[in-house]
Amino acid sequence: MTEQAKDTKASNAMWGGRFASGPDAIMEAINASISFDKRLYAQDIRGSRAHAAMLAAQGIISNKDAEAIREGLLTVLSEIEGGNFPFSTALEDIHMNVEARLKEVIGEPAGRLHTARSRNDQVATDFRLWVRDQADAAIASLDALIRACLAQAEAGADWVMPGFTHLQTAQPVTWGHHMMAYVEMFARDKSRFEDARKRMNESPLGAAALAGTGFPTDRFMTAEALGFDRPMANSLDAVSDRDFALEFLSSASICAVHLSRLAEELVIWSSAQFRFVAMSDKWSTGSSIMPQKRNPDAAELIRAKIGRILGATVALFTVMKGLPLAYSKDMQEDKEQVFDAADNLLLALAAMAGMISDLTVNRDKLEAAAASGFSTATDLADWLVREAGLPFRDAHHVTGTLVAMAEAKGCDLPDLTLEEMQSVNGAINSSIFDVLGVHNSVASRQSYGGTAPDQVRAQIARWKERLA
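Residues numbered from 1 in each chain as written. Predicted model: local features only at pLDDT ≥ 70, side-chain atom pairs only at ≥ 80, totals over all residues. Heavy atoms only, no water.

Some details on the pattern of salt bridges
Operational definition: Any carboxyl oxygen of Asp or Glu that lies within 4 Å of a side-chain nitrogen of Lys or Arg is treated as forming a salt bridge with it. Put simply, DSSP marks the helices as runs of H or I at least four residues long and the strands as runs of E at least two long, and each gets a number from the N terminus on. Note on exposure labels: buried denotes an accessible area under 20% of the residue type's maximum, exposed denotes more than 50%, and partly exposed covers the range between, all computed with a 1.4 Å probe on protein chains only.
Evaluation of the coordinates by the stated rule reveals 27 salt bridges. With a shortest N-O distance of 3.0 Å, Glu184 and Arg462 are connected by a salt bridge. Placement of Glu184 in helix 8 (residues 175-200) and of Arg462 in helix 20 (residues 453-467) is noted, with a sequence separation of 278 residues between them. Residue classification places Glu184 among the partly exposed residues on the basis of a relative accessible area of 27%. For Asp189, the salt bridge goes to Arg192, with nearest N and O atoms at 2.9 Å. Pair noted here: Asp189 and Arg192 are both in helix 8, with a separation of three residues, about one helical turn. Given the relative accessible area of 0%, Asp189 is considered buried. Taking the relative accessible area as the measure of exposure, Arg192 reaches 25% and is therefore partly exposed. One salt-bridge network, held together by shared partners, links Glu92, Asp93, Arg119 and Lys329.

A look at a nonpolar patch on the surface
Worth spelling out the cut-off: Patch definition: residues with relative accessible area over 30% and no salt bridge; like charges joined within 9 Å; nonpolar side chains (Val, Leu, Ile, Met, Phe, Trp, Tyr) joined within 5 Å. Residue-level accessible areas treat just the shown protein chains as cover; the underlying method is Shrake-Rupley with a 1.4 Å probe.
A grouping of Leu210, Leu236 and Leu325 is seen on the molecular surface, where their side chains present a nonpolar patch of about 270 Å² in accessible area. Following the sequence through the fold, Leu210 ends up in the loop between strand 3 (202-203) and helix 9 (219-225). Look at Leu210 and you get partly exposed, because its relative accessible area is 39%.

Considering the packing of helix 12 (residues 297-320) against helix 13 (residues 336-358)
Operational definition: A fitted line through C-alpha atoms serves as each axis, taken over the contacting stretch for helices, and the angle formed by two N-to-C directions is quoted from 0 to 180°. Throughout this description, any angle smaller than 35 degrees is read as roughly parallel, any larger than 145 degrees as roughly antiparallel, any in the 65 to 115 degree range as roughly perpendicular, and the remainder as oblique. In a left-handed crossing the near helix is turned counterclockwise from the far helix by less than a right angle, and in a right-handed crossing that turn is clockwise. Whether two residues are in contact is decided by their heavy atoms: any pair within 4.5 Å suffices. Polar here means any residue outside two lists: the nonpolar Ala, Val, Leu, Ile, Met, Phe, Trp, Tyr, Cys and Pro, and the charged Asp, Glu, Lys and Arg; Gly therefore counts as polar.
Packing of helix 12 against helix 13 brings their axes to within 9 Å, and their N-to-C directions diverge by 155 degrees. Regarding the angle of helix 12 to helix 13, the classification is roughly antiparallel. Judged by the twist between their axes, the crossing of helix 12 over helix 13 is left-handed. Residue-level contacts link Ala298, Ala299, Ile302, Lys305, Arg308, Ile309, Ala312, Ala315, Leu316 and Val319 of helix 12 to Gln337, Val338, Asp340, Ala341, Asn344, Leu345, Leu347, Ala348, Ala351, Met352 and Met355 of helix 13. Taken together, the residues of the contact of helix 12 with helix 13 break down into 16 nonpolar, two polar and three charged.

A short note on the domain arrangement of the protein chain
Using the following cut-off: How far each domain reaches was decided by an automatic or database domain assignment. Two parts placed together each lose some accessible area under a 1.4 Å probe, and the buried area is that loss summed for both.
As far as domains go, the protein chain holds domain 1 (25-112), domain 2 (119-159 + 167-215 + 233-368) and domain 3 (373-436). Look at where the C-alpha atoms of domain 2 and domain 3 centre, and you get two points 45 Å apart. Residue-level contacts link four residues of domain 2 with four residues of domain 3. Here domain 2 packs against domain 3, burying approximately 340 Å² in sum over the two surfaces, 56% of which is carbon and sulfur. Looking at the side of domain 2 facing domain 3, the largest losses of area belong to Thr169, Gln171 and Pro172, adding up to 88% of the total buried there.

What follows is the structure in structure tokens.
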């Protein structure tokens, strides 16, 4: 028998007696998904084992057949993991590839495995299991990244640096405070994946094609065997929605935005113009022509990952937006972008955790930059409100005048003399200099969530306890 004849026979066996001939080559190419959905092999075999065990427990198939199926599936799993499995495009997808090989291994009992289920609920189950695994991996990776940021925050809880708005020096903050901002962001990302995982943790298995089945199945048994909280309550919904994948992608996109923002700061901070931080050799590259270069390529690549991840999110939303219930073949296009997004998110998270852990911070550069750009101007205005009784708007105007005076002299605010300050407002006295230093400035920010070292250390302690 020729290979073409074998493929035609395989296709006909899969589709049943409705079709007399095999598919056109182009139809086969557009219809097949095995090139990418073979990644679901472990979830597919796991789901099939749970289904077979349930069928036997309910008396739908014999225990002997169930045992043969169980052993055969383990053989197939071993072959795939060992790289010895002959995937066939003619068999379309991972489900039929596994089932066809199972029949070669155990013979006639393999044909009983598909009783009381459809490829519709099978793929929904496989994909949901896979996305759940990726959510777990993202949660673990975010946990590692949060710990890396916490370690940096703890080391530099009282290191003074410039805080920026519009990338212009605004007010002094602490390195610890800046790192803790990312702890909060990544913690929200982690909670989004945790929430999404809870919602996706329902089993579609047993919904069959769309209407359920007439066999006396026990969907609670298979749900429990696969680690789901419960079976999905509506068979139409079970096979027709991919909101669990959309929610994973949405969470991944938000997380990638946070990663991109931190990556951008690492690129800026490691530049010769800033020199706030230095990245280790593990996370830097050189130039083929400029021997002095030390390029933050890892950070730049993380910064770019949002394009792929957000693109995947938009793509799946577009695929799903107009589909009538229940299953349509459009939904075969639900996986490749999710696979790619998950791969790139987990890679970016691991790389960022590594970079933050290895990061060397230049404390002296941070402090010198913190004192530049009239960063304590707001402290001066606040002093005028507290000590001189000025309305804040008047204090703002006085401070702006003093900044203009210092700028004209080419000095910073603490370098102005008391007499010069009093020429603008006579209520100013020598205690003004107590608030103009950057350390005094950050120490005064004692409001909850503020940059004062005591507040930063309190937040670090709270997070360490929460993570423990």
